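# Observations on the three-dimensional arrangement
Spelled out from the first residue to the last, the chains are:
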2 protein chains.
Amino acid sequence: MQYILGIDLGGTNVKAVAFALADGRECFRQTAPTRDGQSVDGVPAWAAAVRSLVAACANQLGGPPARIGLAAPGLAALDERSIAFMPGRLQGLEGWDWTNFLATPAPVPVLNDAGAALLGEVWQGAARGLRDVFMVTLGTGVGGAVLSDGRLLRGKIGRAGHLGHISLDPHGAPDITRIPGSLEDKIGECTVQARSGGRFASTHALVQAYERGDTEAARLWLESVRALGCAIASLVNVCDPEAVVIGGGIAQAGTALFTPLAAVLDEVEWRPAGHRVRIVPAQLGDWAGAYGAAYRAQQTISP
Amino acid sequence: MQYILGIDLGGTNVKAVAFALADGRECFRQTAPTRDGQSVDGVPAWAAAVRSLVAACANQLGGPPARIGLAAPGLAALDERSIAFMPGRLQGLEGWDWTNFLATPAPVPVLNDAGAALLGEVWQGAARGLRDVFMVTLGTGVGGAVLSDGRLLRGKIGRAGHLGHISLDPHGAPDITRIPGSLEDKIGECTVQARSGGRFASTHALVQAYERGDTEAARLWLESVRALGCAIASLVNVCDPEAVVIGGGIAQAGTALFTPLAAVLDEVEWRPAGHRVRIVPAQLGDWAGAYGAAYRAQQTISP
């Protein structure tokens, strides 16, 4: 059976998903723990986990994949053979050549995880078939990716699409990339304790209190949503998409997020000739990156 | 003689510049007043001005151009035959089909003026040969354009690259596109009187006072430059260019702009693995748009 395999190497799990080339049906799905910092048979545990998932898939489907694509955090090298820059976590990942490591006959395209998630949503999710769309993922941090005229923006060093690292306050505190008052720090899980003076341990708890009618929670949450709305309206003026996909754990707040967000956009979005941008929740959840990696692998066969 | 003709239809003047196809040399340059609101021989004066410049050029160079390109304010239609959206000024420009009006055998590509200016700088100016670069023009308003992997971003309705309309303060006053606390309102000429409580009638006067050591002028000007630096650092994280071109009248402040701007970027720019983005002044001045229009026309012959 001919199939493509998409792998998403995350901080906690490695996900693998395969699709039949004949009809595009999903035919394999499995995860393995990343175990960052450990090693197995002389290689980092994350590399061994990828190799074992490839082997498990080949075993189940009766042969190796036609192509493999891989998504991982960090800046992807422009030759798409590795992650070129990923400080702090997954030591050894920088420059790790997946085509060599997996000994595949065809190159393994390597993508940034947020870019892969957007491709996944464009292929089989919330942004199906769109050519101009960007995605914002709201989680511990805030990530993103931009598709323009059907192409994923990469830029000079693979940094394009870091939508969480835009300033909404030139006098705010610097975020991890040094941007003051960044979108990431205004809505990311990473700052919810600090933003709430220690009252809320998670965005989930904050949003629950907001839904119960807690005044202080409403003030905090709606301030974050306003920052998100202004950031999206700004990025709409930069990228001019037909839709914006919102993903990540915080997007599961549902109407508690999307209703006040729509109100902010009604106020601040530029709508030339009445044109308005659709805001849509992501559909593929945690699997978007693996889907996008598979899609990228498929593109290397038939672009 | 075979030549291409670039036309930039501005609010005050129409500029025309021609280049020989054989060696790329400039062989014609002329301007005519726009006279917005008047009409000539039953057509808007701006249209008549374009037609007369085309005729003057053909007369001087002994025949019609091989191709014409045209830049104008507003959102360009995706078929590149007209400006699709331009409220308020140059009435009649929306939907005006330049290929029909000029009765040219080949289509006249129509571009947004800021996009044309960036193409001009990429062709023969400050960004020569670059494939990932964006431009910010600081004038009455703040405009911009983005080139990514050699392609001008256009987006779904031709709005991409409106870099002046990004928010630096979700609680700021709305700008002309409704974005609160926009870059345009923080450094554009349009707000200098309001920002200075009526003390400075122009950015030029503000910068002169800053250079004389005026404390209040320094506070105001450096606040604007900080906003610009944070906006550029944000857009670097979105677009990941190799250089940023700064154009427009305010860029003529020279070191009074570029020195404090470099200091802001030293503080707030994300520099993965030490990579830093070059900030360069535009080189073609008022003629960048006409150059870019000519370049786009040339591309329709040999992309």
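Predicted model only: the values in this text are computed from it and were never measured. (Residues numbered from 1 in each chain as written. Chains lettered and ligands numbered in written order. Predicted model: local features only at pLDDT ≥ 70, side-chain atom pairs only at ≥ 80, totals over all residues. Heavy atoms only, no water.)

### Quick notes on the domain arrangement of chain A
Residues and elements named next belong to chain A. Here chain A is partitioned into domain 1 (3-116 + 287-299) and domain 2 (129-282). On a C-alpha basis, the centroid separation for the pair domain 1 and domain 2 is 28 Å. Taken residue by residue, the interface counts eight residues in domain 1 and ten residues in domain 2. Contact between domain 1 and domain 2 buries roughly 720 Å² in total, counting both sides, with carbon and sulfur atoms accounting for 63%. Considering only the side of domain 1, the residues that lose the most area to domain 2 are Leu75, Leu78 and Ala114, jointly responsible for 66% of the buried surface there. At the boundary of domain 1 with domain 2, the tally comes to zero salt bridges. Where domain 1 packs against domain 2, one counts one residue pair in polar contact (both at pLDDT 80 or more). Of all the elements in the fold, those that place two or more residues in the side of domain 1 that touches domain 2 are β7 (75-76) and α3 (113-124). (Domains from an automatic or database assignment. Contact = heavy atoms within 4.5 Å. Buried area = accessible area lost by both parts, 1.4 Å probe. Salt bridge = Lys/Arg side-chain N within 4 Å of Asp/Glu carboxyl O. Polar contact = N/O pair within 3.5 Å; in protein donor to acceptor, adjacent residues only side chain to side chain. Helix = DSSP H or I, 4+ residues; strand = E, 2+ residues; numbered from the N terminus.)

### Quick notes on the side chain of aspartate 132 of chain B
Position of aspartate 132 of chain B among the secondary structure elements: in the loop between α3 (113-124) and β10 (133-138). Among buried charged residues, aspartate 132 of chain B stands out as having no salt bridge; its nearest opposite-charge side chain is arginine 131 of chain B, 5.8 Å away. Contact partners of aspartate 132 of chain B, with chain neighbours within four places excluded, come to Gly155 and Lys156 of chain A together with Leu147, Ser148, Asp149, Asp240, Pro241, Glu242 and Ala243 of chain B. (Buried < 20%, exposed > 50% of the residue type's maximum accessible area, 1.4 Å probe, protein only. Lys, Arg positive; Asp, Glu negative; His and termini not counted.)

### Considerations on the interface of chain A and chain B
At the interface, 53 residues of chain A touch 53 residues of chain B. In total, chain A and chain B occlude about 4500 Å² of area from one another, counting both sides; carbon and sulfur atoms represent 57% of this. The largest share of the area that chain A buries against chain B comes from Arg159, Val238 and Trp270 of chain A, three residues that together contribute 17% of it. Between chain A and chain B we count six salt bridges in total. Note that arginine 151 of chain A and aspartate 149 of chain B form a salt bridge whose closest N and O atoms lie 2.7 Å from each other. At the junction of chain A with chain B, the criterion picks out 30 residue pairs in polar contact (both at pLDDT 80 or more). When contributions to the side of chain A that touches chain B are tallied by element, the ones reaching two or more residues are α7 (215-239) and α8 (255-268) of chain A. Per-element accounting of the side of chain A that touches chain B gives the leading share, eleven residues, to α7 of chain A.

### Focus: helix α7 (residues 215-239) of chain B
Residue and element names in this part refer to chain B. For α7, built from 25 residues, the straight-helix expectation of 36 Å at 1.5 Å per residue is met to within 8% by its first-to-last C-alpha distance of 35 Å. Counting buried positions along α7 gives 20 out of 25 residues, so the element sits mostly inside the fold. The opening residue of α7, the one whose side-chain oxygen lies 3.0 Å from the backbone nitrogen of glutamate 216, is aspartate 214. Immediately beyond the C-terminal end of α7, within one or two residues, lies aspartate 240, with a positive phi of roughly 55°. (Expected span 1.5 Å × (residues − 1).)

### As for the relation of the copies chain A and chain B
Mapping chain A onto chain B is achieved by rotating through 180° and translating by 0.0 Å along the same axis, at an RMSD of 0.0 Å. Given the turn and translation reported, the copies of this chain are related as if by a two-fold rotation axis. Scanning chain A for the C-alpha nearest the rotation axis identifies leucine 168 of chain A, at a separation of 2.2 Å. When the interface residues of chain A are mapped onto chain B, 100% of them again fall at the interface, so both copies present the same face. (Least-squares fit on C-alpha atoms with pLDDT ≥ 70 in both.)

### So, the pairing of strand β3 (residues 26-33) of chain B
Residue and element names in this part refer to chain B. By the bridge criterion, seven bridges tie strand β2 (residues 13-20) to β3 in an arrangement that is antiparallel. Within β3, the residue paired with alanine 18 across the bridge is phenylalanine 28. Between β2 and β3, which pair antiparallel and follow one another directly, the connecting turn spans five residues, one of which, glycine 24, has a positive phi of 75°. (Pairing = 2+ DSSP bridges.)

### Concerning the packing of aromatic side chains
Residues and elements named next belong to chain A. Overall, the coordinates contain 18 aromatic pairs over all chains when judged by the stated rule. Plain terms: the ring middles of phenylalanine 19 and tryptophan 123 are 4.8 Å apart, the flat faces sit at 70° to each other, and that makes the pair edge-to-face. Taken as a pair, phenylalanine 19 in strand β2 (residues 13-20) and tryptophan 123 in helix α3 lie far apart in primary sequence, 104 residues in all. Taken as a pair, phenylalanine 19 and tryptophan 123 share a single burial class, namely buried. Within the aromatic cluster, the residues linked to one another by ring pairs are Phe19, Trp123, Tyr291 and Tyr295. Positioned above the aromatic ring of tryptophan 287 is the side chain of arginine 29, whose terminal nitrogen or guanidinium carbon lies 4.3 Å from the ring centre. (Phe/Tyr/Trp six-rings, centres within 6.5 Å; stacked < 30°, edge-to-face > 60°. Lys NZ or Arg CZ within 6 Å of the ring centre and 35° of its normal.)

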